[in-house]
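Structural overview
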Amino acid sequence: MARTLILMRHGKSAYPEGVDDHERPLAPRGRREAGLAGRWLRDTQPAIDAVRCSTATRTRETLTATGVTAPVVFEAGIYEASPETLMELVRLSDDDIATLLVIGHSPGMPWTAWELAGNRNSTAAVELSRKFPTSALAVLRFDRPWADVDTGTGELVHFHIPR
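One structure accompanies this document, and this report is about it.

Remarks on the overall build of the protein chain
Assigned secondary structure in the protein chain consists of five helices and six strands. Here the protein chain has a C-alpha radius of gyration of 14 Å; the compact-globule value for 163 residues is 15 Å, and the two agree. C-alpha atoms of the protein chain, sized along the principal axes, occupy 45 × 30 × 30 Å. The buried share of the protein chain, taken over its 163 residues, is 52%. Taking the contacts inside the protein chain whose residues are at least 6 apart along the sequence as the reference set, 71% of them involve residues at least 24 apart. Distance between charge centres in the protein chain, computed from 19 positive and 21 negative side chains, equals 9 Å.

Take a look at the structure:
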C-alpha cells in the first residue's frame, strides 16, 4: 500500500504580550490561511486517516481551522522537534494508516520534508527549499510501510502555500 505523509506548518500566529511561545494563538490571517489549506486538502487529499499535532495552541487552532476531522493524537514532542524525531513519529504510525497529516513548526516541518524527499531537483522541492511559510503543506508519497520511512525514501509530490 502506498503511503502519503502531509507535513503542515501551523498558521500565522499572534504575539500577545505576556503569552508564552507554546500558548501563542493564531492571528486572523493564520485562521484564514489554515482554512484555505483545509480546502486545498479536501480538494487534493480525499481521505486523511490520522493526524499528529503539536500541543501548542497555534497548531491546535490550525487543525481546527482546516476542518480536518480524522482521529487526532496531540504530541508534545512535535514542538521544537528535529527531523529525526519527526521521522521516528512517522515510523511508529499504524500500518492501516494510508494518509497521515502532521501539524507542527518551523524548522522541523521544512527540514523533515527536505530530508525525506528523494527528488530534491523537482519543482516542488525547489519551491520548498526557498521558503516554508506558515500554513504551507508538503505532501510526500512512500512506496513502503511507515516503519521503513527514512531519509530520501519519499517523493515530494506537492508543495502548497495557501494564499
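Considering the environment of Ser 82
Here Ser 82 lies in the loop between β3 (72-75) and α3 (83-91). When its relative accessible area of 33% is taken as the criterion, Ser 82 is described as partly exposed. Taking C-alpha positions, Ser 82 is 8.0 Å from Pro 107, a pair spaced 25 residues apart along the chain. Reaching out from Ser 82, the side chain makes a polar contact with the side chain of Thr 85 at a distance of 3.1 Å.

Some points on the packing of aromatic side chains
Considering all chains together, one arrives at two aromatic pairs under this definition. Taking 5.1 Å as the distance between ring centres and 55 degrees as the angle between the ring planes, the aromatic pair formed by Phe 132 and Phe 159 counts as tilted. On the criterion of sequence distance, the pair formed by Phe 132 in the loop between α5 (123-130) and β5 (137-142) and Phe 159 in strand β6 (residues 155-160) is long-range, its members being 27 residues apart. Since its relative accessible area comes to 5%, Phe 132 is described here as buried.

So, the packing of helix α1 (residues 28-44) against helix α2 (residues 57-66)
At their nearest, the axes of α1 and α2 sit 7 Å apart, and the two run at 50 degrees to each other. With respect to their mutual orientation, α1 and α2 come out oblique. Where α1 crosses over α2, the handedness of that crossing is right-handed. The residues of α2 that touch α1, namely those facing Arg 31, Ala 34, Gly 35, Gly 38 and Arg 42, are Thr 62, Ala 65 and Thr 66.

Some points on the sheet that holds β5
An order of β3-β2-β4-β1-β5-β6 is seen for the six strands of this open sheet, with the pairing classed as mixed. The open sheet is flanked by β3 and β6, the only strands paired with a single partner. On average, each strand axis in the sheet is tilted by 20 degrees relative to the strand beside it, whichever way the strands run. In this sheet, strand β4 (residues 99-104) lies alongside strand β2 (residues 50-54) in parallel orientation, the contact comprising four bridges. Following the sheet pairing, Arg 52 is matched in β4 by Val 102. Packed on one face of the sheet, helix α4 (residues 108-116) meets β1 (3-9), β4 and β5 and runs near 150 degrees to β1. Relative to β6, α5 is tilted by about 55 degrees, and along the sheet it contacts β5 and β6.

Thresholds applied
Residues numbered from 1 in each chain as written. Predicted model: local features only at pLDDT ≥ 70, side-chain atom pairs only at ≥ 80, totals over all residues. Heavy atoms only, no water. Helix = DSSP H or I, 4+ residues; strand = E, 2+ residues; numbered from the N terminus. Rg over C-alpha atoms; globule rule 2.2 N^0.38 Å. Buried < 20%, exposed > 50% of the residue type's maximum accessible area, 1.4 Å probe, protein only. Contact = heavy atoms within 4.5 Å. Lys, Arg positive; Asp, Glu negative; His and termini not counted. Charge placed at Lys NZ, Arg CZ, Asp CG, Glu CD. Polar contact = N/O pair within 3.5 Å; in protein donor to acceptor, adjacent residues only side chain to side chain. Phe/Tyr/Trp six-rings, centres within 6.5 Å; stacked < 30°, edge-to-face > 60°. Axes fitted to C-alpha atoms, helices over the stretch in contact; angles between N-to-C directions. Parallel < 35°, antiparallel > 145°, perpendicular 65-115°, else oblique. Left-handed = near helix turned anticlockwise from the far one by under 90°. Pairing = 2+ DSSP bridges.

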